[in-house]
Amino acid sequence: MAVTFSDLHTEAGLKSLEEYLSGKTYISGDQITRDDVKVFAAVSEKPGSAFLNASRWYETVSSLLAASFPGKAAGVRIAGGAEAAPAVEAAKAAPVEADDDDLDLFGDETEEDKKAAEEREAAKKSSAKPKESGKSSVLLDVKPWDDETDMKKLEEIVRSIEMEGLHWGASKLVAVGYGIKKLTIMMTIIDDLVSVDTLIEERLTVEPASDYIQSCDIVAFNKI
């Protein structure tokens, strides 16, 4: 089920979300799914008290995502901020029903996505090769310093970071207000080779990347 809303940075967009969530806990079904992750990524901050249903839903999803990242390093924030309080038991009861093959956050599948899928299939079929380490798909929000930041250059810097076991995927720019846009980008990692915390702290938020990048938020983290 694909659920879409108008611009969720406007009052009209939040109103449509508020009306849709009336009598519902999640966007679709009785537990968190990729639709919740997709809409959550499009909402820049917790809706105000005028949107009770949307605010309640935002807190629930934020808590479940936060519960996926116990023991995060200091300075690395999960979207949702202080409101993303850990809820481990809730997360176990409502796992995200998504993996890298069907989590379509940005529309049509890109050539890079197809290539990554083909590589995974080839690895599964090759009995001569040793068993490959586990993989994860990660959705990042990369935020600039201000509205004058060159977002094209920012994305070039992000994609220029190369590490063994790291593959950059689809991306899009999302307005966050006051003329500022953030870069939302997918990546696939081999768990034993890439630490997302280290990637953010030692590559994305230090010079020269830090000239363009103000902060990075982990929006979603799913095992493949």
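Look up: the structure comes first, before these words.
Note that this is a predicted model, so its numbers are computed, not measured.

### Focus: the overall build of the protein
From N to C terminus, the protein includes 7 helices and 5 strands. Expressed as a percentage of its 224 residues, the buried residues of the protein come to 42%. Taking the contacts inside the protein whose residues are at least 6 apart along the sequence as the reference set, 68% of them involve residues at least 24 apart.

### Looking at the packing of helix α2 (residues 34-42) against helix α3 (residues 52-66)
Look at α2 against α3: their axes get within 11 Å of each other, and the N-to-C directions meet at 105°. With respect to α3, the axis of α2 lies roughly perpendicular. Between α2, through D36, V39 and F40, and α3, the contact on the second element is made entirely by W57, Y58, V61, S62 and L65.

### Notes on α2
The element α2 is extensively covered by neighbouring structure, given that 7 of its 9 residues are classed as buried. All of the buried residues along α2 are D35, D36, V37, V39, F40, A41 and A42. Considering only its buried residues, α2 is in contact with α1 (11-20), α3, β2 (135-144), β4 (180-190) and β5 (213-223).

### What about the pattern of salt bridges?
The final tally for this structure, using the stated rule, is 5 salt bridges. Two residues, D141 and K182, come together in a salt bridge whose shortest N-O distance is 2.8 Å. Here the residue D141 occupies a position in strand β2, and K182 occupies one in strand β4, the gap between them amounting to 41 residues. According to the relative accessible area criterion, D141 is buried, its value standing at 2%. Overall, the relative accessible area of 4% leaves K182 in the buried class.

Parameters at a glance
Residues numbered from 1 in each chain as written. Predicted model: local features only at pLDDT ≥ 70, side-chain atom pairs only at ≥ 80, totals over all residues. Heavy atoms only, no water. Helix = DSSP H or I, 4+ residues; strand = E, 2+ residues; numbered from the N terminus. Buried < 20%, exposed > 50% of the residue type's maximum accessible area, 1.4 Å probe, protein only. Contact = heavy atoms within 4.5 Å. Axes fitted to C-alpha atoms, helices over the stretch in contact; angles between N-to-C directions. Parallel < 35°, antiparallel > 145°, perpendicular 65-115°, else oblique. Salt bridge = Lys/Arg side-chain N within 4 Å of Asp/Glu carboxyl O.

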